[in-house]
Amino acid sequence: MADISHPPMEQLQDLEYCIDSNPPWVETIVLGFQNYIVMLGSSVMIPSILVPAMGGNDGDKARVIQTLLFVSGIKTLLQALFGTRLPAVVGGSFAYIIPIAYIINDSSLQRIPDSHDRFIHTMRAIQGALVVASSIQIILGYSQIWGLFSRFFSPLGMAPVVGLLGLGLYNRGFPLLGNCVEIGLPMLLLVIGLSQYLKHIRPFKDIPIFERFPVLISISIIWIYAVILTAAGAYRHKPTLTQLSCRTDKANLVSTAPWFKFPYPLQWGPPTFAAGPCFAMMAAVLVSMVESTAAYKAASRLAIATPPPAYVLSRGIGWQGIGVLLDGLFGTGTGSTVSVENVGLLGLTRVGSRRVVQISAGFMIFFSILGKFGAVFASIPFPIFAALYCLLFGIVGMLQFSPVVHRAFDVPPFLEPTHIDAYACSVAASVGLSFLQFTNMNSMRNLVITGLSLFLGISIPQFFDDYLPRNGLVRTNAGWFNALVNTIFASSATVGLIIAVFLDNTLEVEKSKKDRGMPWWVKFRTFRGDSRNEEFYTLPFNLNRYFPP
């Protein structure tokens, strides 16, 4: 048995740069640009779904993408400097789409005859709901209530929560790639080959370029290949779905994006407020909190840091609430969550440096202001991202998009939920399940909790999905209530958290402390519980003097 035992390890051992160690500057800048490219998928997809449904044109879509990227850069910098301080990119969230769909279908907005006026009024209604809903995260974060609630978490309770978000995508990663298999499949094979089989080959002596930059190299090669296929007329007489998925000139982003545009608060006009949309949006805020909490746990492990203590977790949630407030003020069209594809990139490149993510935030801001240049990168065909995410979701994945939306308004066929879930992300199935090493999986209690949480975390959202042809499972006269319930129970992570944490804290709690992994976990509950916490999570500029943990 000694020959096959693998003792639990608090930190991953095969990563080369941890949270507070940095690669050389040139390498750091290129890695930051790679992070920017990876987060473009969801940043382009969310406005591509919502803006046409709101009545906007291609110019409006390009402007919303610019705004979303600009605000994402600001939120990422704030989170890396003053929030959890983990190398986590904060971007747009699919969890908000159901409440936004409820707002879009409001009868008073649908009666507006002019499409552009309807877009403006809908955007302002979304902004108002985001501004009000952000108060939930701000209050729960800065009051330390979320940190107190996190004390009920254990390795056993968090493992299925984190893992569910990846497992929930197991049958939804390849279909989007399959929409353009001649582009997606070579991309998938190339990125696997470079990052896994050729990672030890160093054409340049000091830099393992295939291990560090597999995404940039693969996307560059396959994108050029896709441009050649488009220019040669390979898709001239193909069905609409194939053209939308494969062609490099169908997004209309480059032609409609301005050369220079500086997003600013209230650019769409003052927000409008109504009770129903605000309540519906609060459900999305709660879902994004759960998913982001799981993402922070995964990011800390991939950055060779300790699990964030309750104080740090609350601080991060509070700053995420500030991020949602910025979404509402600037008008990004959606709320915020941790971009889990970027968390997966930490493991793929074996670089968990905080500085890399800060540099990527600079790229987000820079290319959002210079619209034409940013639009070029935003025009990468979606199957290229899908192929990339097939690998990243093995490390990091999430079920943040709710499939209820596509019945609420017309979604382009290549963005149907069976395909789009590959872009929605949550925390790593593999990283999440790695927490089980600290528990006793020979305990029947632990097997029941883990199995039930995983099964129902997939099964219950699927049950809600099955009722889509009949306008959803919850069909009361209160549309905001329908959106609230559907948002919560369409999220595998949220369902998994409810089940796992409840069972873990009610079944034989005192007898099972060791089996649950609490002896390892308990020292990370407080900031002073482990001496490494100060190294990883202390605020910059000596701010801990004024905001002590």
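Draft legend 1. Representation of the nonpolar core within the structure. Tyr36, Tyr96, Ile183, Met281 and Leu388 are the most contacted members of the largest nonpolar core, which has 130 residues in total. Ranked by size, the runner-up nonpolar core spans 8 residues in total, among them Leu31, Ile209, Phe213 and Val356.

Draft legend 2. Examining unusual backbone geometry more closely. Although it is not a glycine, Ile304 adopts a positive phi angle of roughly 55°. Within the secondary structure, Ile304 is located in the loop between α14 (275-302) and α15 (310-330). With phi around 60°, Phe541 is a residue other than glycine that occupies positive phi space.

Draft legend 3. Structural context of the packing of helix α3 (residues 97-104) against helix α23 (residues 479-489). With their axes 8 Å apart at the nearest point, α3 and α23 run at an angle of 160° to one another. If you check the angle between α3 and α23, you find them roughly antiparallel. Read as a crossing pair, α3 and α23 show a hand that is right-handed. Residues Ile98, Pro99 and Tyr102 of α3 form the contact with α23, whose participating residues are Gly479, Trp480, Ala483, Asn486 and Thr487. When the residues that make up the contact of α3 with α23 are grouped by side-chain class, the tally is 5 nonpolar, 3 polar and no charged.

Draft legend 4. Molecular detail of the packing of helix α9 (residues 181-197) against helix α11 (residues 214-231). With their axes 9 Å apart at the nearest point, α9 and α11 run at an angle of 155° to one another. For the element pair α9 / α11, the angle class is roughly antiparallel. Considering the relative orientation of α9 and α11, their crossing is right-handed. Only Pro214, Ile217, Ser218, Ile219, Ile221, Ile222, Tyr225, Ala226 and Leu229 of α11 make contact with α9, whose side of the interface consists of Glu182, Ile183, Pro186, Met187, Leu190, Val191, Leu194 and Ser195.

Draft legend 5. Region of the structure containing helix α2 (residues 58-82). Over its 25 residues, α2 runs 36 Å from end to end, which matches the ideal 36 Å to within 8%, given 1.5 Å per residue. Backbone nitrogen of Gly59 and a side-chain oxygen of the N-cap are separated by 3.1 Å at the start of α2; the cap is Asn57.

Draft legend 6. Quick look at the environment of Ser255. The residue Ser255 is located in helix α13 (residues 253-256) in this model. For the pair formed by Ser255 and Val376, sequence separation is 121 residues and the distance between their alpha carbons is 9.7 Å.

Draft legend 7. Fine view of the packing of aromatic side chains. Applying the stated rule across the entire model yields 23 aromatic pairs. Summarising the aromatic geometry, the rings of Phe279 and Trp480 are spaced 5.4 Å apart at their centres and angled 40° between planes, so their arrangement reads as tilted. Taken together, the residues span a long stretch of sequence, with Phe279 in helix α14 and Trp480 in helix α23 at a distance of 201 residues. The class for Trp480 is partly exposed, based on a relative accessible area of 31%. Linked through ring pairs, Phe33, Tyr36, Phe363, Phe366 and Phe367 together constitute an aromatic cluster. Across the ring face of Trp268, the terminal group of Arg63 is positioned such that the distance to the ring centre comes to 4.4 Å.

Draft legend 8. Broad picture of helix α18 (residues 371-378). Regarding α18, the residues found buried are Gly371, Lys372, Gly374, Ala375 and Ala378. Down the axis of α18, the smallest arc covering the buried residues is 160°, so these residues share one side. On its buried side, α18 packs onto α1 (25-54), α2, α13 and α17 (354-369).

About the cut-offs
- Residues numbered from 1 in each chain as written.
- Predicted model: local features only at pLDDT ≥ 70, side-chain atom pairs only at ≥ 80, totals over all residues.
- Heavy atoms only, no water.
- Core = buried A, V, L, I, M, F, W, Y, C linked by side-chain atoms within 4.5 Å.
- Buried < 20%, exposed > 50% of the residue type's maximum accessible area, 1.4 Å probe, protein only.
- Helix = DSSP H or I, 4+ residues; strand = E, 2+ residues; numbered from the N terminus.
- Axes fitted to C-alpha atoms, helices over the stretch in contact; angles between N-to-C directions.
- Parallel < 35°, antiparallel > 145°, perpendicular 65-115°, else oblique.
- Left-handed = near helix turned anticlockwise from the far one by under 90°.
- Contact = heavy atoms within 4.5 Å.
- Nonpolar A, V, L, I, M, F, W, Y, C, P; charged D, E, K, R; others polar.
- Expected span 1.5 Å × (residues − 1).
- Polar contact = N/O pair within 3.5 Å; in protein donor to acceptor, adjacent residues only side chain to side chain.
- Phe/Tyr/Trp six-rings, centres within 6.5 Å; stacked < 30°, edge-to-face > 60°.
- Lys NZ or Arg CZ within 6 Å of the ring centre and 35° of its normal.
- Arc of directions from axis to C-beta.

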